[in-house]
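Structural overview
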Amino acid sequence: MALIEMNHVGFRYPNENTDSLTSITVSMEKGSCWCVSGPNGCGKTTLFRILSGLDFPTSGTWSFDGEEITAAKMKNDEFAWNLHRRIGYLFQDSDSQLFCSSVEEEVAFGLEQAGLAEAEVRAKTEQYLAMFNLTSIRKKAPFNISGGEKKRCALAAILAMEPEVLILDEPYNNLDEDMQKWLLHFLESLRSPERLIVFADHHHSSASALADHFLYMDKAHRIVRTAEAEQKTGAEYERRE
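Cut-offs used in this document
- Residues numbered from 1 in each chain as written.
- Predicted model: local features only at pLDDT ≥ 70, side-chain atom pairs only at ≥ 80, totals over all residues.
- Heavy atoms only, no water.
- Helix = DSSP H or I, 4+ residues; strand = E, 2+ residues; numbered from the N terminus.
- Rg over C-alpha atoms; globule rule 2.2 N^0.38 Å.
- Buried < 20%, exposed > 50% of the residue type's maximum accessible area, 1.4 Å probe, protein only.
- Core = buried A, V, L, I, M, F, W, Y, C linked by side-chain atoms within 4.5 Å.
- Contact = heavy atoms within 4.5 Å.
- Pairing = 2+ DSSP bridges.
- Axes fitted to C-alpha atoms, helices over the stretch in contact; angles between N-to-C directions.
- Salt bridge = Lys/Arg side-chain N within 4 Å of Asp/Glu carboxyl O.

Further remarks concern the overall build of the chain. What the chain contains, in helices and strands, is nine helices and 10 strands. Against the globule reference of 18 Å for 241 residues, the chain gives a C-alpha radius of gyration of 18 Å, in line with a compact fold. Projecting the C-alpha coordinates of the chain onto the three principal axes gives extents of approximately 45 × 40 × 35 Å. In the chain, buried positions account for 51% of the 241 residues.

This is the structure:
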């Protein structure tokens, strides 16, 4: 059974005259890694917000692990928390998801909300601060650190929760070349039969290295094609972009 199932999902923002998503149908299973590609404004971020339970279809349905996700269900705090614990979402703009007074508090926040013992929260916080090379800036406020550091802080906070699904919106933005290479290898290490990874990427070389499925969207906010990794070429990618 697919972990994520979308059936003819459409979405229109309030007071807009056109849809931001049009009849999106796709199934994604555990153990797979999907790259979502398309021109700016095609609906990638809207798709990711729906998959993260932040927005909801205005038509069609989407289900996670066999259960339909709706706005009404997400009003239940326990239901919403369980979904957000299982699905980690990295925003394209890390400023939008960092809100604690220090880097270490950002990493610890979700762990504390999950009700882990204090010793476990401390241990995991130290582990992920070190993993993302954040220990030296642990006491700094997130709004006082660089763009690359913000991205690493957001990733550390998400991955400390060990989610089953990782949704990454342009994860390489604001990272220098060395950090991009590190992140690619790190994401490759996260590949698991028990985890689904979905990301948007305009860098065809890194996308091809990581993804085994590709989903192409067009300016009409539709899926125009899905493909297995071996079916995609750099030339095809450049034409789509």
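What follows deals with the nonpolar core. The biggest cluster of nonpolar side chains holds 41 residues, and the ones touching the most others in it are Phe132, Leu134, Leu159 and Phe199. Setting aside its immediate chain neighbours within four residues, leucine 159 contacts Tyr128, Phe132, Leu166, Phe186 and Leu190. Core analysis: the next-biggest nonpolar cluster, separate from the first, contains 33 residues, Met28, Phe64, Leu196 and Leu215 among them.

Our focus in this paragraph is the sheet that holds strand S8 (residues 196–200). Read from one edge to the other, the open sheet built from six strands follows the order S6-S7-S8-S3-S9-S10, with strand pairing classed as mixed. Edge positions in the open sheet fall to strand S6 (87–90) and strand S10 (223–228), since each of these has one partner strand only. Across the sheet, the mean angle separating the axes of adjacent strands is 15° when strand polarity is ignored. When strand S9 (residues 213–217) meets S10, the two strands line up antiparallel, connected through five bridges. When the bridges of S10 are listed, methionine 217 appears paired with isoleucine 223. In the packing of helix H6 (residues 147–159) onto the sheet, contacts are made with S6 and strand S7 (165–169), and the angle to S6 comes to roughly 175°.

Turning to the pattern of salt bridges, a few remarks are in order. A full pass over the atoms with the stated rule returns 16 salt bridges. In this structure, the salt-bridge partner of glutamate 104 is lysine 139, at a minimum N-O distance of 2.4 Å. Placement of the pair is glutamate 104 in helix H4 (residues 103–113) and lysine 139 in the loop between helix H5 (118–131) and H6, with a sequence separation of 35 residues. What makes glutamate 104 buried here is its relative accessible area of 16%. For lysine 139, a relative accessible area of 63% translates into the label exposed. Note that arginine 222 and aspartate 218 form a salt bridge whose closest N and O atoms lie 2.5 Å from each other. Relative accessible area serves as the criterion here: at 15%, aspartate 218 is assigned to the buried category. A single salt-bridge network, built from bridges that share partners, covers Lys30, Asp65, Arg86, Glu164 and Glu194.

Attention now moves to the pairing of strand S3 (residues 33–37). Here is the key point about a regular strand: its side chains alternate between the two faces of the sheet. Of all five residues making up S3, five are buried, and the element is well covered by its neighbours. Alternating positions in S3 separate into two faces, Cys33, Cys35 and Ser37 on one and Trp34 and Val36 on the other, with burial throughout. Relative to S9, S3 runs parallel, the two being bridged by four bridges. Across the sheet, cysteine 35 pairs through a bridge with phenylalanine 214, a residue of S9.

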